[in-house]
Amino acid sequence: MTYFASTSRYENMKFNRCGSSGLLLPAVSLGLWHNFGGMDDFNKMKEILLKAFDLGITHFDLANNYGPPPGSAEINLKNILKSELGKHRDELIISTKAGYLMWEGPYGEWGSRKYLLSSLDQSLKRMGLDYVDIFYSHRPDPETPLEETMTALHSAVQQGKALYVGISNYSAEQTTKAVKILKKLGTPCLIHQPRYNMFDRWVEDGLLDVLEKHGVGCIPFSPLAQGILTDRYLNGIPEDSRVAGESIFLKKEHLDPEVMVKVKALNQHAEQRGQTLAQLALAWILSRKQITSVLVGASSVDQLLANTATLHNLSFSKDEMAYIDNILL
Ligand SMILES: NC(=O)c1ccc[n+]([C@@H]2O[C@H](COP(=O)([O-])OP(=O)(O)OC[C@H]3O[C@@H](n4cnc5c(N)ncnc54)[C@H](OP(=O)(O)O)[C@@H]3O)[C@@H](O)[C@H]2O)c1
């Protein structure tokens, strides 16, 4: 069936300025780390992506290694662009990254110029694109000079293969250095992609201040702690969940009793706000001024609909924040 994008797609989405750049990102963005690989149901992922676009989610986040197998999420995106979404390319912000192991040998991971630029060429081929909107260094490399990694990002822009650059998983100190190098090169750092959720608050300890000071946007990944901060595991482990799927990244052990006591208390509080736990967890992040967008994953259209509905209530009183902090202690 021919796809026609919803004509109301921009009516309900909130768009936030990414740091001090000219780019606006949707408050909710969609990541293709899980559920979009070569082993997943192609029609289902297509349905999720098309619904995302219809909801005003203009930003899709990828990396060279998303799958499994690595690279297959980029190939699946290419096929959906080719058949449906490609005609809307100028309405889309597509990002990819390089940093983790992608191919054998000394040039297949980390932060060398050799790896980053070869990987970007491969990603562009897999996605069938001439350029990505954002190209990230996926993780800091302790052995490569930061200047080399940042210059490679700058080259990607100069070569017309990326419009903007970003960094992911860099500490506050590494971020300060990276931002300064990029500024000197004339390619500002657009955005930082750190893990941030109610159970992992490391960014509050310096990184958010650094990003604000330098006008860099922030798009937290795993804002739902991969599903723990939702109603998914309140009554056991559903068969179709990430934990049941034997993900190497989210295991049964992560659902320990201490965590689940907090999840249940948060869920009760969410009910009082008239939200689901997932919506509470996303609103809690989005209520911070430094945050541009939350980068969610989804295994169904219903999850996506629920997550975008978060935008109806993003406000918290001081007392409420303190109450939540107390649960999270
Ligand atoms: N830069 C990095 O190093 C890095 C690392 C990790 C992720 N990322 C990016 O961040 C994106 C998101 O990461 P993530 O998938 O871990 O994010 P997440 O949003 O924390 O978790 C997504 C999972 O939560 C569950 N879920 C989502 N919405 C729900 C809802 N409304 N109700 C119930 N359950 C819900 C689903 O689990 P089920 O599948 O069990 O249904 C879904 O797959 C990735 O796709 C990737 O783009 C980046």
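So, a few notes on the structure that sits alongside this text. Just so you know, the residues in each chain are numbered from 1, in the order the chain's sequence is written. Selection of residues for local features in this predicted model requires a pLDDT of at least 70, selection of side-chain atom pairs for listing and counting requires 80 or more, and totals for whole chains, interfaces and linings are taken over all residues.

1. As for the overall build of the protein
Piece 1. Secondary structure elements are defined from DSSP: runs of H or I of at least 4 residues count as helices, runs of E of at least 2 residues count as strands, and each element is numbered from the N terminus. Along the protein, the regular secondary structure elements total 10 helices and 10 strands.
Piece 2. Using C-alpha atoms as the atom set, the radius of gyration is obtained and then compared with a globule rule of 2.2 Å times the number of residues to the power 0.38. The C-alpha atoms of the protein give a radius of gyration of 19 Å, which matches the 20 Å a tight globule of 329 residues would have.
Piece 3. Principal axes of the C-alpha set define a box for the protein whose edges measure 50 × 50 × 40 Å.
Piece 4. Residues with at least 20 other C-beta atoms within 10 Å of their own are called buried, those with 12 or fewer are called exposed, and the rest are partly exposed. The C-beta atoms themselves are positioned from the backbone. Across the 329 residues that make up the protein, the buried fraction comes to 43%.
Piece 5. In this description, any two residues whose backbone-derived C-beta atoms lie within 7 Å of each other are considered to be in contact. For the protein, the proportion of contacts with a sequence separation of at least 24, taken over those separated by at least 6, is 75%.

2. Brief notes about the packing of helix α4 (residues 146–158) against helix α5 (residues 172–185)
Piece 1. To obtain an axis, a line is fitted to C-alpha atoms, over the contacting stretch when the element is a helix, and the angle between two such axes runs from 0 to 180 degrees between their N-to-C directions. The N-to-C vectors of α4 and α5 enclose an angle of 50°; their axes lie 9 Å apart at closest approach. If you check the angle between α4 and α5, you find them oblique. Note that α4 runs across α5; the crossing there is right-handed. Residue-level inspection shows Leu146, Glu147, Met150, Thr151, Leu153 and His154 of α4 in contact with α5, the latter providing Lys177, Ala178, Ile181, Leu182 and Leu185.
Piece 2. Under the grouping applied here, Gly and all other residues not named as nonpolar or charged are polar, the nonpolar ones being Ala, Val, Leu, Ile, Met, Phe, Trp, Tyr, Cys and Pro and the charged ones Asp, Glu, Lys and Arg. Here the contact of α4 with α5 is built from residues that sort into seven nonpolar, two polar and two charged. Roughly parallel refers to an angle under 35 degrees, roughly antiparallel to one over 145, roughly perpendicular to one between 65 and 115, and oblique to any angle outside these ranges. Whether a crossing is left-handed or right-handed is set by the direction in which the near helix is turned from the far one by less than a right angle, anticlockwise for left-handed and clockwise for right-handed.

3. Regarding the site of the ligand
Piece 1. Here, nearness means that the C-beta atom of a residue, built from backbone geometry, sits within 6 Å of the molecule or strand in question. Contacts to the ligand come from 31 residues, most closely from Gly31, Trp33, Phe221, Gly227 and Gly297.
Piece 2. Of all elements in the fold, only β10 (294–296) and α9 (301–308) reach the threshold of two or more residues within the shell around the ligand.
Piece 3. The residue inventory of the shell around the ligand, partitioned by class, reads 11 nonpolar, 16 polar and four charged.

4. With respect to helix α8 (residues 277–286)
Piece 1. Judged by how many residues are buried, α8 sits mostly within the fold: 10 of 10 residues are covered.
Piece 2. Those residues of α8 not exposed but buried are Leu277, Ala278, Gln279, Leu280, Ala281, Leu282, Ala283, Trp284, Ile285 and Leu286.
Piece 3. Those residues of α8 hidden inside the fold are in contact with α7 (257–273), β10, α9 and α10 (318–328).

5. Regarding the sheet that holds strand β8 (residues 189–193)
Piece 1. Two strands are said to pair when DSSP picks up at least two bridges between them. In spatial order, the strands read β9-β8-β7-β6-β5-β4-β3-β10; together these eight strands make up an open sheet with parallel pairing. Of all strands in the sheet, those bounded by a partner on one side alone are β9 (217–218) and β10.
Piece 2. Judged from the two bridges that link them, strand β3 (residues 28–31) and strand β4 (residues 59–61) form a sheet pairing that is parallel. Across the sheet, residue Leu30 finds its bridge partner in β4, namely Phe60.

6. Let's talk about the pairing of strand β7 (residues 162–168)
Piece 1. Along β7, six of the seven residues are buried, which leaves the element largely enclosed by surrounding structure.
Piece 2. Examined bridge by bridge, strand β6 (residues 132–137) and β7 share five bridges and lie parallel to one another. Residue pairing for β7: Val132 is matched across the bridge by Ala162.
Piece 3. Once the chain exits β6 it traverses α4 before rejoining the sheet at β7, and the crossover so formed is right-handed.
Piece 4. Bridge count between β7 and β8: four bridges; the pairing is parallel. Paired with Ile167 across the bridge in β8 is His192. When the strands point away from the viewer, a crossover counts as right-handed if the route from the first strand across the helix to the second turns clockwise.

7. Quick word on unusual backbone geometry
Where the residue is not glycine, phi is negative for most of them; where a peptide bond is considered, it is trans in most cases.
Piece 1. Omega for the bond connecting Gly67 with Pro68 falls within 30 degrees of zero, at -5°, which places this linkage in the cis form.
Piece 2. Topologically, Pro68 is positioned in the loop between β4 and α2 (72–83).
Piece 3. Residue Pro69 follows Pro68 across a cis peptide bond; omega there is -10°.
Piece 4. Considering the arrangement of structural elements, one finds Pro69 in the loop between β4 and α2.
Piece 5. In the Ramachandran plot, Trp110 falls in the positive-phi region, its phi being about 70° despite a non-glycine side chain.
Piece 6. On the secondary structure map, Trp110 appears in the loop between β5 (93–98) and α3 (113–127).
Piece 7. Phi angles above zero are rare outside glycine, and Asn169 is one such case at about 65°.
Piece 8. Counting through the fold element by element, Asn169 comes out in the loop between β7 and α5.
Piece 9. Residue class for Asn169 comes out partly exposed when judged on the 18 C-beta atoms lying within 10 Å of it.

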